[in-house]
Amino acid sequence: VINEFCERFSYYGMRAVLVLYFRYFLRWDEDQATAIYHAFVALCYFTPILGAIIADSWLGKFKTIIYLSIVYAIGQLVMSIGAIADLTDKGIPDGKPDSLTLHVALSATGLLLIALGTGGIKPCVSSFGGDQFEEHQENQRKRFFSIFYLSINAGSLISTIITPVLRSQQCGKIPQECYPLAFGVPAALMVVALIVFILGSPLYKRESPQGNIVVKVSKCVGFAIKNRFVHRSKEYPKREHFLDWAIEKYDEHLIAQIKMVLKVLFLYIPLPMFWALFDQQGSRWTFQATVMDGDFTVNPILILIMVPIFDIVIYPLINKCKINFSPLRKITVGMLIAGLAFVVAALLQIQIDKTLPDFPGHKESQIKILNSGDSVVNVTISGLKNSFTVQPLQVCGSIQSQHHHIYTVSNSMIIIIIYYLFTLNLICSVSRFVNGLTNLVNISMNDVNFETLETLSGTNYSLFTKGKKTIIYTVNGTECKITSIAFGYGSSFTILLNSMCTSDDDGLIYIEDIKANTIHMAWQIPQYFLMTCGEVIFSVTGLEFSYSQAPSNMKAVLQAGWLLTTAFGNIIVLIVAEVSSIEEQWAEYILFASLLGAVSIIFGIMASFYVYVDPAEMEAEFEEKERAKKKAEDLESHSIHENGNETIAQSKF
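Read on for an overview of the structure.

Rules used in this analysis
Residues numbered from 1 in each chain as written. Predicted model: local features only at pLDDT ≥ 70, side-chain atom pairs only at ≥ 80, totals over all residues. Heavy atoms only, no water. Helix = DSSP H or I, 4+ residues; strand = E, 2+ residues; numbered from the N terminus. Buried < 20%, exposed > 50% of the residue type's maximum accessible area, 1.4 Å probe, protein only. Contact = heavy atoms within 4.5 Å. Areas by Shrake-Rupley, 256 points an atom, 1.4 Å probe, with all protein chains shown as cover. Pairing = 2+ DSSP bridges. Expected span 1.5 Å × (residues − 1). Salt bridge = Lys/Arg side-chain N within 4 Å of Asp/Glu carboxyl O. Phe/Tyr/Trp six-rings, centres within 6.5 Å; stacked < 30°, edge-to-face > 60°. Lys NZ or Arg CZ within 6 Å of the ring centre and 35° of its normal.

Concerning the overall build of the chain
Then comes step 1: A count of helical and extended segments in the chain gives 16 helices and 17 strands.
Then comes step 2: Counting only residues that meet the buried cut, the chain has 47% of its 653 residues in that class.
Then comes step 3: The long-range fraction of contacts in the chain, counting pairs at least 24 apart against all pairs at least 6 apart in sequence, stands at 74%.
Then comes step 4: For the chain, the accessible surface area stands at approximately 32400 Å², while carbon and sulfur atoms represent 60% of it.

Describing the sheet that holds strand β12 (residues 448-449)
Then comes step 1: Taking strand neighbours across the sheet as the criterion, the four strands line up as β12-β11-β14-β15 in an open arrangement whose pairing is antiparallel. Lying at the two open borders of the sheet, with one neighbouring strand each, are β12 and β15 (478-483).
Then comes step 2: Of the pairings in the sheet, the one linking strand β11 (residues 442-445) to β12 comprises two bridges and is antiparallel in character. Counterpart to Ser444 in the pairing with β12 is Asn449.

Comments concerning helix α6 (residues 179-199)
Then comes step 1: Its 21 residues give α6 an end-to-end C-alpha distance of 31 Å, which sits within 8% of 30 Å, the value for a rise of 1.5 Å per residue.
Then comes step 2: All of the buried residues in α6 are Tyr179, Pro180, Ala182, Phe183, Pro186, Ala187, Met190, Ala193, Leu194 and Phe197.

Remarks on the pattern of salt bridges
Then comes step 1: Applying the stated criterion across every chain, the model contains eight salt bridges.
Then comes step 2: A salt bridge links Glu7 to Arg8; its shortest N-O distance comes to 2.6 Å. Comparing Glu7 with Arg8 shows no difference in burial state: the two are buried.
Then comes step 3: As a salt-bridge pair, Arg284 and Glu588 come within 3.0 Å of each other at their nearest N and O atoms. Of this pair, Arg284 sits in helix α10 (residues 284-290) while Glu588 sits in helix α15 (residues 585-608); the two residues are 304 residues apart in sequence, bridging distant segments of the chain. Here Arg284 matches Glu588 in class, with each residue buried.

Topic: the packing of aromatic side chains
Then comes step 1: By the definition in use, this model includes 35 aromatic pairs.
Then comes step 2: A centroid spacing of 6.4 Å and a plane angle of 40 degrees characterise the contact between Phe5 and Phe9, whose relative ring orientation is tilted. Remark: Phe9 and Phe5 occur in helix α1 (residues 2-25); sequence separation between them is four residues, near one turn of the helix.
Then comes step 3: Classification of Phe5 by relative accessible area gives partly exposed; the value is 24%.
Then comes step 4: An aromatic cluster is defined as three or more aromatic residues linked by ring pairs; in this entry it consists of Tyr21, Phe22, Phe25, Trp28, Tyr179 and Phe183.
Then comes step 5: Taking the ring centre of Tyr11 as reference, the NZ or CZ of Lys122 above it sits at 6.0 Å.
Then comes step 6: Here Lys330 stacks its cationic end above the ring of Tyr315, 3.9 Å away from the centre of that ring.

Printed below as a string of C-alpha cells:
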C-alpha cells in the first residue's frame, strides 16, 4: 500500500507540472510540449503489458516490483538533475540553461525510465497484495483493496496539491521556479517506499511465475490466424469462428474463453477517443489555466466526491425510476458528458482569447518607445509609415516588426528604444527595470539582484510570483527601500527609475507591458466537473462491465486491453498536436468534442448488438459438457474392455 501511495504521488505529481517544465524550462512551444507529454503517457500505458509478462514468466511479482521501483526512482532522480539550470548556466548567470541539449537528454532518459517503472509495477502491486490472502480471507482481501484504492486516490490528490507548491519555490544561483525540488521529492518518496517494501519481505507470500495468460492468448490467436491462412483453399470446409482454426493445438475450453474475451475487446475499439480528451487535462487544459488568474486543484477532489455520490445517490435514483441504465449505456453517456466538457472548455477559451494581448507572430519582435524626459518627443522609424509622438514619462503603443530599423528623434530629449521578443511565462509575473537617472544604480527586487544599471539602460525580464515585492535601489550610497504595487498572474511591467525616493514619492513609474490575467481559474470548474462525471461513469463502469463479461482467468487480458485504450488515446492527441493546422485553441476543443460525439454514436450502435453473458454460468455449462463427454468416453472404454474380454473368452471356448 505504501509503495502504491508513493508511486501514485510520484507519477501524478510529476505529471501535474510536466507540460509546464517542457514549456517554460525546456522552452518548447505548446504543440511540442503537448505531443511529448502524451507520448510519455502513452508509453506509461504500453509498458504494463511488459511488466506483467516479466513478472508472470520470469522474475515473479516480488522481484519485478523491487527492480522496476529502483528503475522508477532512478528515472525521477535523472529528471530532477536535468531540471537544474545551473548545470549549463555558465558565464554571466541568468537562471536559464545556456545549452538545452544536456537537459533534454537527461529529461528524455528520465521519462523513459519512469515510464518503464510506473508501467512495469502497475499490474504487479495490486495482484501481489491480493496473493497475500488465503481463500477463506475474503473479507480481509476486500478490506485490503479498499485501502489500496484509497491510497491511489490519496497519492494523486496530495501530489497534485503539493508538487505545484514545490515547483513555485525559488532555487538556483538566480532564483527561479524549482523543478528539481518538484521532481526530487517524489524520487525520495520512491526510495522510502522501496526500503519499506524490502523490509517487509520476510512477511510476504511469494508465488513462482506460472506463465502469462496474455502471452498464451496471443499465441492462440496468432496460431488460429496462421492456420486459417494456410488452409485458405476452398477445399477445406469453413469453420464457425476463426478461432476454431486453433483447435488442432489448443484446448477447446481455452478457445471458448478467448471468444468471450474478444467480444468485449471488440467493444474497446472506439474507447481510446475518450482518453484522448480525458488526458488533455494535463496538457491543453493546464496551458489554458496559465492564462487565467488564481491557483487551485480540483479534479482529484471531485473524483473522491463524485464516486460515492454516483454509487449512493444517482444510480439508485435511476433504478427507482425504472430506467434501464445498462453498463454499455452508462459508458456511452460517460463519453457524451466528456465531449460536453470540451464544448464548455471551448466557450471558456473564446472568452480568454478576448483578454489576451496582441502577441507578435513567428520571428517577430515588439518595439516600445519610452520617453523618460519631461517634454514631448516625436520619433520616426524608417520602414514604418507612421511617426510616433510620445508624452513625457509615457510609452507609445507596441510596434510589431520583422526588420531592423534606424530611428530619429525630433529633439534632444532623452528617449529609449527597446526591442524585445515576447516569450513570457503567463503563470507568473515578469518585470524589468530601466534607469532614467543620470547616475549608476544598483537594484534588487525580493531575492533577485539585477546588474548595475547605467544611465538609460535596462535589465532583462525576470520572473516573480504574484503579489507585492520589496524593491531596493541604491544611488551614490543612498538606499531606497520600497514596497511595489501588486503584480498579477501573467502581467509584465517595465519599471522606470525616474527620481530618488522621498517620503511622498518612491521615484518609480510602473509601465504595464501586458495586463494581468483577468479570468479566474474557477471558471474551469464546470468543465472539470463534467469531465469527472464522465470519468466516473465511463471508467468505473467500463472495468466492472469488462470483468463481469469474461472468465476469472481472463481478467488480466481485459486489464491489458483497457490500459491499451488509454495508450492509443494519448497517441491520438500526439498526432493531432503534430499535424493539425488549427490555430485557434477553441476550435481544436470543438474538433475533439465532435470526434468523441461521433465515436459515442458508433459505440452505441455496436453496444446495441451486444448480448450480455454470465461467464460463471457458461463455465458451469462447459464443465458439465466436459463431465458428460468424459463419462461417455469412460463408458465407451468400459464397453470396449468388456467386448474384448468376451471375445477372448469365446476364443478360449
